[in-house]
Amino acid sequence: MKVPFNSKDREVCIIGLGYVGLTLAVVMAEAGFKVTGVERNNHINDLVNSGKAHFLEIGLDARLEQQVKNGNLKSVISIDEVESASVYIITVGTPLVNNSKTTNLEAIKLVSEGVAKRLKADDIVILRSTVKIGVSRNVVKPLLDEAGVEYKLAFCPERTLEGKALAELVSLPQVVGGLDDASTMRASDIFGFLTPTIIRVTTLETAEIIKLINNTQRDLMFAFANEIAGYCDVVGISAREVINSANIGYPRSSLALPGPVGGPCLEKDPYILSEGIKALKGNPALALLGRTVNEELPKVTIENIQLLLDKKVTSQEKLKFTIAGLAFKGRPETSDLRGTLAIPIIDEIKRILPNVEIFGYDPACSNEEISSLGITPCGNLEDVFKDSSVLLFQNNNPAFEKLNLNSLSRLMRQNGIIYDLWSQFDGTSLELSNGVRYGGHGLMYLYNK
Ligand SMILES: NC(=O)c1ccc[n+]([C@@H]2O[C@H](COP(=O)([O-])OP(=O)(O)OC[C@H]3O[C@@H](n4cnc5c(N)ncnc54)[C@H](O)[C@@H]3O)[C@@H](O)[C@H]2O)c1
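**Some points on the overall build of the chain**
Link 1 in the chain: Looking only at helices and strands, the chain has 18 helices and 16 strands in total.
Link 2 in the chain: Against the 2.2 N^0.38 benchmark of 22 Å for 449 residues, the chain shows a C-alpha radius of gyration of 24 Å, consistent with a compact globule.
Link 3 in the chain: Each principal axis of the C-alpha atoms in the chain carries an extent, and together these give about 75 × 45 × 40 Å.
Link 4 in the chain: Burial statistics for the chain: of 449 residues in total, 54% are counted as buried.
Link 5 in the chain: Carbon and sulfur atoms provide 52% of the accessible area of the chain, an area that totals close to 19,500 Å².
Link 6 in the chain: Computing the positive centroid from 47 side-chain charges and the negative centroid from 53, the chain places the two 2 Å apart.

Okay, structure coming up:
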């Protein structure tokens, strides 16, 4: 059902039009809400108003353009320019302060102060950014209370997958935790226009922690997969075979496959969870351990490659080291470089192999985005192989699975190394040229064949 024209919550203000805010804005506009986004970044603001997204999400541009044209969605620079709204949804970023691994809440505070200045009696504020436990009640609420009016407050976490956000916003269950029952019901009614299932929980904190533990569980699941890859590498067997065989037909096994774990959520949410739990004198030991395992991958990878190079490559020339797949994940395809392990991998290459020249390729990223990582963009997939001594697959973009490594290896340097962090190819049936060898994370045994 579409939002009725006379609904008291038809006018929605979404603050922060990043990945979360913009996809939500489009889906809400499609559901019949009249959406005004507030985005302080001029470039993003202009793009949105011209119907274009500032990131890759399949189908988003066309749907955004449609809603902008219909007049259901527009973006403004400041909350002062919002004509009217009864619903305020906060979707600004909550980055980590890197060296302390604590959350920077400045944007949340600033936005809450801005909302408080225009809050009217019976408006509702929905916090959707990922926050540590207690932020809705102890940080946002006191700032909103300054308005001196009665209002509703709910925490409604975003749990969509980048690349599938538009579909998941209208299909995933939406968790809703309100300050009180009236807040929960009101937020539930709003999200009920988007998705069929609403999970009402009893407190703000319950909703906050659900988001954090969902992502921490994923991080831990991948950490275990990465640790299994390490076990298999020392035993000299295939991690892919071990994991797939363990899962087949066995209902009590749901092991993930190993690979780099990054992105704007998994790289920080276990820390945000830990920060809140530690502040309450709890012990988030496992959450932090998962991060430790997943963050070791860049170092282990480049150390392994160094050993492989020492054994085979004799050339004194500056070697070409190419990273294929730079975004934090390949599937669903994204251009998002936030939290990508390509960045610590590049740092490790510079530290451990200072004489190599680093090149990069990602079909989803522009040359400008690739250059921003301090490496040289390859023009096309052939360039990825041409003269490379090392080719590292950092993500599993769909463009890679069709590659014919047997013929492309001819373009590589003698005794080159293909190191795959995603075991995307059947290494046992490859017939590579030029002495090039294939293997990788959980597939180290292939190099010794
Ligand atoms: N990216 C995801 O897939 C995802 C998924 C679930 C949850 N989250 C969480 O949602 C939140 C937002 O994530 P994101 O990826 O959309 O972040 P983002 O950095 O892409 O977007 C945030 C936007 O808010 C804008 N902004 C910041 N302060 C502002 C202000 N005072 N006024 C107006 N605009 C302002 C920024 O310019 C930016 O465009 C974070 O807490 C994140 O952890 C993200």
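**What about the confidence of the model for the chain?**
Detailed reading of the predicted coordinates is not advisable wherever pLDDT falls low.
Link 1 in the chain: With 98% of its residues at a pLDDT of 70 or more, the chain has an overall mean of 96.
Link 2 in the chain: Taken element by element, the chain is modelled with least confidence in helix α13 (residues 297–312), mean pLDDT 90, and with most confidence in strand β8 (residues 152–155), mean pLDDT 99.

**Things to note about the site of the ligand**
Link 1 in the chain: Near the ligand, the surroundings consist of 25 residues, among which V20, E39, T94, T130 and K268 are the closest.
Link 2 in the chain: A distance of 2.9 Å separates an oxygen atom of the ligand from a polar backbone atom of T130.
Link 3 in the chain: Between the ligand and the protein, one listed contact pairs an oxygen atom with a side-chain N or O atom of K268 at 2.6 Å.
Link 4 in the chain: Where the shell around the ligand is concerned, the elements lending two or more residues are α1 (19–30), α4 (106–118) and α10 (263–266).

**Thoughts on the pairing of strand β11 (residues 320–324)**
Link 1 in the chain: Most of β11 sits inside the fold, with five of its five residues counted as buried.
Link 2 in the chain: Side-chain alternation along β11 places K320, T322 and A324 on one buried face and F321 and I323 on a second face that is also buried.
Link 3 in the chain: As paired elements, β11 and strand β12 (residues 357–361) share five bridges and run parallel to each other. Bridging across to β12, A324 finds its partner in Y361.
Link 4 in the chain: Assessed by its sense of winding, the connection that carries the chain from β11 through helix α14 (residues 342–352) to β12 is right-handed.
Link 5 in the chain: Across five bridges, the pairing between β11 and strand β14 (residues 388–393) is parallel. Bridge pairing links I323 to L392 in β14.

**Side note on the nonpolar core**
Link 1 in the chain: I14, M28, F33 and I126 are the most contacted members of the largest nonpolar core, which has 37 residues in total.
Link 2 in the chain: Elements with a contribution of two residues or more to this core: β1 (11–15), α1, α2 (42–49), α3 (60–70), β4 (87–90), β7 (124–127), α6 (165–169) and α7 (181–192).
Link 3 in the chain: Residue contributions to this core peak at eight residues, all from α1.
Link 4 in the chain: Setting aside chain neighbours within four positions, we find M28 in contact with V12, I14, F33, V35, I89, I190 and L194.

**Here's the deal with the pattern of salt bridges**
Link 1 in the chain: Summed over all chains, the structure comprises 22 salt bridges.
Link 2 in the chain: D9 serves as the salt-bridge partner of R186, at 2.7 Å between the closest nitrogen and oxygen. Taken together, the residues span a long stretch of sequence, with R186 in helix α7 and D9 in the segment before β1 at a distance of 177 residues.
Link 3 in the chain: Since its relative accessible area comes to 9%, R186 is described here as buried.
Link 4 in the chain: Residue classification places D9 among the buried residues on the basis of a relative accessible area of 7%.
Link 5 in the chain: One salt bridge connects K152 with D122, and the closest N-O pair in it is separated by 3.1 Å. Of this pair, K152 sits in strand β8 while D122 sits in the loop between α4 and β7, and the two are 30 residues apart along the sequence.

**Some thoughts on the domain arrangement of the chain**
Link 1 in the chain: By the assigned domains, the chain splits into domain 1 (11–203) and domain 2 (295–448).
Link 2 in the chain: Placing the centre of domain 1 and that of domain 2 at their C-alpha centroids yields a distance of 38 Å.
Link 3 in the chain: Counting residues at the interface gives seven residues for domain 1, matched by nine residues for domain 2.
Link 4 in the chain: For the pair domain 1 and domain 2, the two sides together bury roughly 680 Å², of which 49% comes from carbon and sulfur.

**Looking at the packing of aromatic side chains**
Link 1 in the chain: Tallying each qualifying case throughout the model produces six aromatic pairs.
Link 2 in the chain: With centroids separated by 5.8 Å and ring planes inclined at 85 degrees, the aromatic side chains of F33 and F193 adopt a geometry described as edge-to-face. Of this pair, F33 sits in the loop between α1 and β2 (34–38) while F193 sits in the loop between α7 and β10 (198–201); the two residues are 160 residues apart in sequence, bridging distant segments of the chain.
Link 3 in the chain: Here F393 and F425 contribute two aromatic rings whose centre-to-centre distance is 5.5 Å and whose plane-to-plane angle is 50 degrees, an arrangement assigned as tilted. Within this pair, whereas F393 is found in strand β14, its partner F425 is found in the loop between β15 (417–420) and β16 (437–440), the two being separated by 32 residues in sequence.
Link 4 in the chain: Take F393: its relative accessible area is 0%, and that puts it in the buried class.
Link 5 in the chain: Members of the aromatic cluster, joined through ring pairs, are F393, F400, F425 and Y438.
Link 6 in the chain: Directly above the aromatic system of F359 lies the positively charged group of K320, at a separation of 4.8 Å from the ring centroid.

Reading guide: rules and limits
Residues numbered from 1 in each chain as written. Predicted model: local features only at pLDDT ≥ 70, side-chain atom pairs only at ≥ 80, totals over all residues. Heavy atoms only, no water. Helix = DSSP H or I, 4+ residues; strand = E, 2+ residues; numbered from the N terminus. Rg over C-alpha atoms; globule rule 2.2 N^0.38 Å. Buried < 20%, exposed > 50% of the residue type's maximum accessible area, 1.4 Å probe, protein only. Areas by Shrake-Rupley, 256 points an atom, 1.4 Å probe, with all protein chains shown as cover. Lys, Arg positive; Asp, Glu negative; His and termini not counted. Charge placed at Lys NZ, Arg CZ, Asp CG, Glu CD. pLDDT = per-residue confidence, 0-100. Near = heavy atom within 4 Å. Polar contact = N/O pair within 3.5 Å; in protein donor to acceptor, adjacent residues only side chain to side chain. Pairing = 2+ DSSP bridges. Right-handed = clockwise from strand over helix to strand, strands pointing away. Core = buried A, V, L, I, M, F, W, Y, C linked by side-chain atoms within 4.5 Å. Contact = heavy atoms within 4.5 Å. Salt bridge = Lys/Arg side-chain N within 4 Å of Asp/Glu carboxyl O. Domains from an automatic or database assignment. Buried area = accessible area lost by both parts, 1.4 Å probe. Phe/Tyr/Trp six-rings, centres within 6.5 Å; stacked < 30°, edge-to-face > 60°. Lys NZ or Arg CZ within 6 Å of the ring centre and 35° of its normal.

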